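Chain residues, written in single-letter form:
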Amino acid sequence: MIETEVEQSTSFVRRVVYGACIGCGCFLAALLIGILEGKLLSTISLIGTSIVFEAQPAALASIPLRFHPLSGALISILANLISIPLMVLTFNEIMERWKWVKRKLQKAEKWSSKYGKYGVWILTLLSPLLGAYVSIAVGFAMRWDVRLVLTSVLIGMIGSSFLIAYGGESVAHLFGVHT
């Protein structure tokens, strides 16, 4: 029994390290895009906005910061992805440790088994509204396939971020805000 606890602990630590490494990679990629734009401080501000408020508000914030729409959307998306790998890789451990959450989720599993293969795609539409963090938590709580949850959330997040960045830039040009 002690061996399995040690193995589980090691496995959890390994997942935390993997998630942190992937998150650091996303941070460095977002930072690199901002440095290539020549806007280090604005990039750091945009990264913070995306981590706290999600990718869509950050994509909108990239417009007054005068990022190119492609750069603004990419920085927002990458920054939003900083904490998601850690969240995904440790979610099951959290569920196992919090018994009261596990009991509540057992009720959701009945609904999930019936509608899970279709319900996961609702997250594509909900992720721009609820945000990636909440959408992923819902997907995990419903015990939907991790790959489908991540795919649907990423489609919604990426699509809406690009739509906001390019649409906002177009509106700014329409009203003469940007020259």
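For the structure itself, consult the block above.
Residues numbered from 1 in each chain as written. Predicted model: local features only at pLDDT ≥ 70, side-chain atom pairs only at ≥ 80, totals over all residues. Heavy atoms only, no water.

Peer 1: Requested: an account of the side chain of Ser152, with residues and values cited.
Peer 2: Structurally, Ser152 is set in helix H9 (residues 146-174). On the basis of relative accessibility, which here comes to 0%, the residue Ser152 falls in the buried class. (Helix = DSSP H or I, 4+ residues; strand = E, 2+ residues; numbered from the N terminus. Buried < 20%, exposed > 50% of the residue type's maximum accessible area, 1.4 Å probe, protein only.)

Peer 1: Quick rundown of helix H8 (residues 132-141)? Include the residues and the values.
Peer 2: Among the 10 residues that make up H8, 7 are buried, leaving the element largely enclosed by the rest of the structure. Burial in H8 covers these residues: Ala132, Tyr133, Ser135, Ile136, Gly139, Phe140 and Ala141. Residue Arg143 follows H8 closely and has a positive phi angle near 60°.

Peer 1: With reference to specific residues and values, describe the environment of Asn80.
Peer 2: In this fold, Asn80 is placed in helix H4 (residues 69-80). In terms of polar contacts, Asn80 uses its side chain to reach the side chain of Glu54, at 3.2 Å. (Polar contact = N/O pair within 3.5 Å; in protein donor to acceptor, adjacent residues only side chain to side chain.)

Peer 1: If you had to explain the packing of aromatic side chains to someone new, which residues and values would you point to?
Peer 2: Tallying each qualifying case throughout the model produces 2 aromatic pairs. Ring geometry for Phe91 against Phe140: centres 4.9 Å apart, planes inclined by 50°, an arrangement best described as tilted. Here Phe91, found in helix H5 (residues 84-97), pairs with Phe140, found in helix H8; they are 49 residues apart in sequence, far enough to count as distant. Where Phe162 meets Tyr166, the ring centres are 6.4 Å apart and the plane angle is 20°; that geometry is what we call stacked. Here Phe162 pairs with Tyr166, and both are found in helix H9, just 4 residues apart, close to one helical turn. Overall, the relative accessible area of 24% leaves Phe162 in the partly exposed class. Sitting over the ring of Phe67, Lys39 keeps its end group 5.0 Å from the ring centre. (Phe/Tyr/Trp six-rings, centres within 6.5 Å; stacked < 30°, edge-to-face > 60°. Lys NZ or Arg CZ within 6 Å of the ring centre and 35° of its normal.)

Peer 1: Before we move on, could you go through unusual backbone geometry and cite the residues and values that matter?
Peer 2: One non-glycine residue, Glu54, lies in the positive phi region at around 85°. Exposure remark for Glu54: the relative accessible area of 9% places this residue in the buried category. The backbone of Arg66 shows a phi angle near 65°, a positive value even though the residue is not glycine.

Peer 1: I'd like a rundown of the nonpolar core, residues and numbers included.
Peer 2: Of all hydrophobic cores here, the largest spans 33 residues; its most connected members are Ile47, Ile75, Ile84, Ile136 and Val149. No other element matches H8, which puts 5 residues into this core. Ignoring any residue separated from it by four or fewer positions in sequence, one finds Ile47 in contact with Phe27, Ala30, Leu31, Ile75, Ala79 and Ile82. (Core = buried A, V, L, I, M, F, W, Y, C linked by side-chain atoms within 4.5 Å. Contact = heavy atoms within 4.5 Å.)

Peer 1: Pulling in residues and values, what's your account of the packing of helix H7 (residues 122-130) against H8?
Peer 2: The description of two helices packed together rests on the angle between their axes and the distance between the axes. At a closest axis distance of 7 Å, the pairing of H7 and H8 adopts a crossing angle of 140°. In terms of orientation, H7 lies oblique with respect to H8. Counting all contacts with H7, which are made through Leu123, Leu126, Ser127 and Leu130, the residues of H8 involved are Ala132, Val134, Ser135, Val138 and Gly139. By residue class, the composition of the contact of H7 with H8 is 6 nonpolar, 3 polar and no charged. (Axes fitted to C-alpha atoms, helices over the stretch in contact; angles between N-to-C directions. Parallel < 35°, antiparallel > 145°, perpendicular 65-115°, else oblique. Nonpolar A, V, L, I, M, F, W, Y, C, P; charged D, E, K, R; others polar.)

Peer 1: So what's going on with a nonpolar patch on the surface? Residues and values would help.
Peer 2: On the surface, a cluster of nonpolar side chains totalling about 400 Å² of accessible area is made up of Ile35, Leu40, Leu41 and Ile44. By secondary structure assignment, the location of Leu40 is in helix H2 (residues 40-53). Given the relative accessible area of 42%, Leu40 is considered partly exposed. (Patch = residues over 30% accessible without salt bridge, like charges linked within 9 Å, V, L, I, M, F, W, Y side chains within 5 Å. Areas by Shrake-Rupley, 256 points an atom, 1.4 Å probe, with all protein chains shown as cover. Salt bridge = Lys/Arg side-chain N within 4 Å of Asp/Glu carboxyl O.)

Worth remembering: the numbers are spatial, not functional.
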